[in-house]
Amino acid sequence: MALSACSGTDEKKSSDAMSSKSSDFKACLVSDAGGWDDKSFNESAFDGLKEAEKEFGVAVNTAESKSDSDFGPNTQTMIDDGCSLIIGVGFLLAPGIKKAAEENTDLHFGLVDAAFADDKGNPVELPNGRALLFNTQEAAYLAGYVAAGATKTGTVATFGGIQIPSVTIFMDGFVDGVKAYNEAKGTDIKVLGWDKETQNGSFTNSFDDQALGKSQAQQFIEQGADIIMPVAGPVGLGAAAAAKEAGNVMIVGVDSDWYVSSPDYKDIVLTSVMKGIGESVKAAIKEAMGGDFTSKPYVGTIENKGVSLAPFHDFDSKLSDELKTEVKDLEAKIASGELKVESPAAN
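- Under an unreviewed UniProt entry, the name given to the chain is BMP family ABC transporter substrate-binding protein, and the source organism is Arcanobacterium phocisimile.
- For the record of the chain, the UniProt heading Sequence similarities (unreviewed entry) holds the text "Belongs to the BMP lipoprotein family."
- Quoted verbatim from the Subcellular location (unreviewed entry) field of the UniProt record, the comment on the chain reads "Cell membrane".

1. Some points on the pairing of strand β4 (residues 108–112)
The side chains of a regular strand alternate, first on one face of the sheet and then on the other.
(1) Moving on: Counting buried positions along β4 yields 4 of 5 residues, so the element is predominantly enclosed.
(2) Moving on: With helix α4 (residues 94–103) bridging strand β3 (residues 85–89) and its parallel neighbour β4, the resulting β-α-β unit is right-handed.
(3) Moving on: Bridge analysis of β4 against strand β5 (residues 129–134) gives 4 bridges, and the strand direction is parallel. Along β5, the bridge assignment pairs F109 with G129.

2. A look at the packing of aromatic side chains
(1) Moving on: What the rule picks out here adds up to 5 aromatic pairs.
(2) Moving on: Between W36 and F46, the ring centres sit 5.5 Å apart and the planes meet at 35 degrees, which makes this aromatic pair tilted. Note that W36 is positioned in the loop between β1 (26–30) and α2 (41–56) and F46 in helix α2, a separation of 10 residues in sequence.
(3) Moving on: W36 sits in the buried class, given a relative accessible area of 10%.

3. What about the UniProt feature "domain: ABC transporter substrate-binding protein PnrA-like" (unreviewed entry) in the chain?
(1) Moving on: Residues annotated by UniProt as "domain: ABC transporter substrate-binding protein PnrA-like" (unreviewed entry) correspond here to residues 30–342.
(2) Moving on: For the annotated span residues 30–342, helix accounts for 41% and strand for 19% of the residues, and the straight-line distance between the end C-alpha atoms is 30 Å.

4. A short note on α4
(1) Moving on: Turning to α4, its buried residues are A94, I97, K98, A100 and A101. Buried residues of α4, seen end-on, are gathered within an arc of 165 degrees and therefore sit on one face of the element. In this structure, α4 carries P95 and E103 as exposed residues pointing more than 90 degrees from its buried face.

5. Considering the nonpolar core
(1) Moving on: Of all hydrophobic cores here, the largest spans 90 residues; its most connected members are L270, V281 and I285.
(2) Moving on: No other element matches the 10 residues that helix α5 (residues 137–150) contributes to this core.
(3) Moving on: The contacts of L270, once residues within four sequence positions are left out, are V146, A147, A150, I227, M250, I251, V252, P311, F312, F315 and L319.
(4) Moving on: Counting residues in each nonpolar core, the second largest holds 19 residues, with F71, L93, A101 and A114 among its members.

6. What to know about the sheet that holds β5
(1) Moving on: With parallel pairing, 6 strands are arranged side by side in an open sheet as β2-β1-β3-β4-β5-β13. Each having just a single partner strand, β2 (59–63) and β13 (298–300) make up the two edges of the open sheet. Pairs of neighbouring strands in the sheet enclose a mean axial angle of 15 degrees, with direction left out of account.
(2) Moving on: Along the sheet face, α4 touches β3 and β4 and points at about 165 degrees away from the line of β4.

7. Some thoughts on the packing of α5 against helix α11 (residues 321–336)
(1) Moving on: Between α5 and α11, the least distance of the axes is 10 Å, while the angle of their chain directions is 160 degrees. Here α5 lies roughly antiparallel to α11, going by the angle between them. The two elements α5 and α11 cross, and the hand of that crossing is right-handed. Residue-level contacts link E138, Y141, L142, Y145, V146, G149 and A150 of α5 to L323, E326, V327, L330, E331 and I334 of α11.
(2) Moving on: Residue classes in the contact of α5 with α11 are distributed as 9 nonpolar, 1 polar and 3 charged.

Reading guide: rules and limits
Residues numbered from 1 in each chain as written. Predicted model: local features only at pLDDT ≥ 70, side-chain atom pairs only at ≥ 80, totals over all residues. Heavy atoms only, no water. UniProt positions renumbered as here; feature names shortened; annotations may be inferred. Buried < 20%, exposed > 50% of the residue type's maximum accessible area, 1.4 Å probe, protein only. Helix = DSSP H or I, 4+ residues; strand = E, 2+ residues; numbered from the N terminus. Right-handed = clockwise from strand over helix to strand, strands pointing away. Pairing = 2+ DSSP bridges. Phe/Tyr/Trp six-rings, centres within 6.5 Å; stacked < 30°, edge-to-face > 60°. Arc of directions from axis to C-beta. Core = buried A, V, L, I, M, F, W, Y, C linked by side-chain atoms within 4.5 Å. Contact = heavy atoms within 4.5 Å. Axes fitted to C-alpha atoms, helices over the stretch in contact; angles between N-to-C directions. Parallel < 35°, antiparallel > 145°, perpendicular 65-115°, else oblique. Left-handed = near helix turned anticlockwise from the far one by under 90°. Nonpolar A, V, L, I, M, F, W, Y, C, P; charged D, E, K, R; others polar.

Spelled out as structure tokens, the structure:
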């Protein structure tokens, strides 16, 4: 009993210390242009912030960007508001967050989906800046393998919003997963939209215009694709609309589990390539408010569950047990390091 009482006292002290630290700590987010309800990475980051607010008792604030021109002013607004930790959500915020970190060395900054780099693209380490990165190619590899095993037409496809590393890393993994299936089964499943070797493919050059996503998906469908993975934020919902209209096309979601986050399309979601963005944001906040901020990048992997493949939901009973077992085996091999999934954009 004495041990139990001591344990309870320790827990109370820890809780009191956390409460004390949270009272003068403010965690803030600046969104990419998709906004907080993008059903993708912005929303995932926002959810992580709200969980941190609830669990840790920290003050929070957010600035929602409607276009690239909002990044700088929104970051400055968070600085002026007295934020202790400011996290930019997305690769496109990298230059502005880096500049703000260099000019405000008394504050901490985080960056989702991008490493800090100089004007020539060379990695740089900022003592008050932390990158929150994801080796998404690992989970995308599994999605590509599943897609190759599930296609009825022998053609699958992927496209991106803008050609940046946090987008092409999905596409690299997806292509390699299809390739692995072909090598294992002696098949010739084709992938439209991305050539990993040349790093050339299809992009809408937008994360916002869903009409572009719908148009791109329709082109793929006309070429015989019956499974499409759009890596384009809200633009991907346009692809989902095209797939649903076609009636015989499935979608692979990205960032979050689209079966849950985009219920209007859940009946066509084969699976999703998920990134634990919310958990990474929450972890960064917890460490910073506890005085344990580090500039060492967080890297989400299959091994640490920072990236993962979503359940097959309504399609689970339609996939063969053999295919599902093979995917689990591949997942275990990636987690153990026996199988390396490479991408020029990997961390």
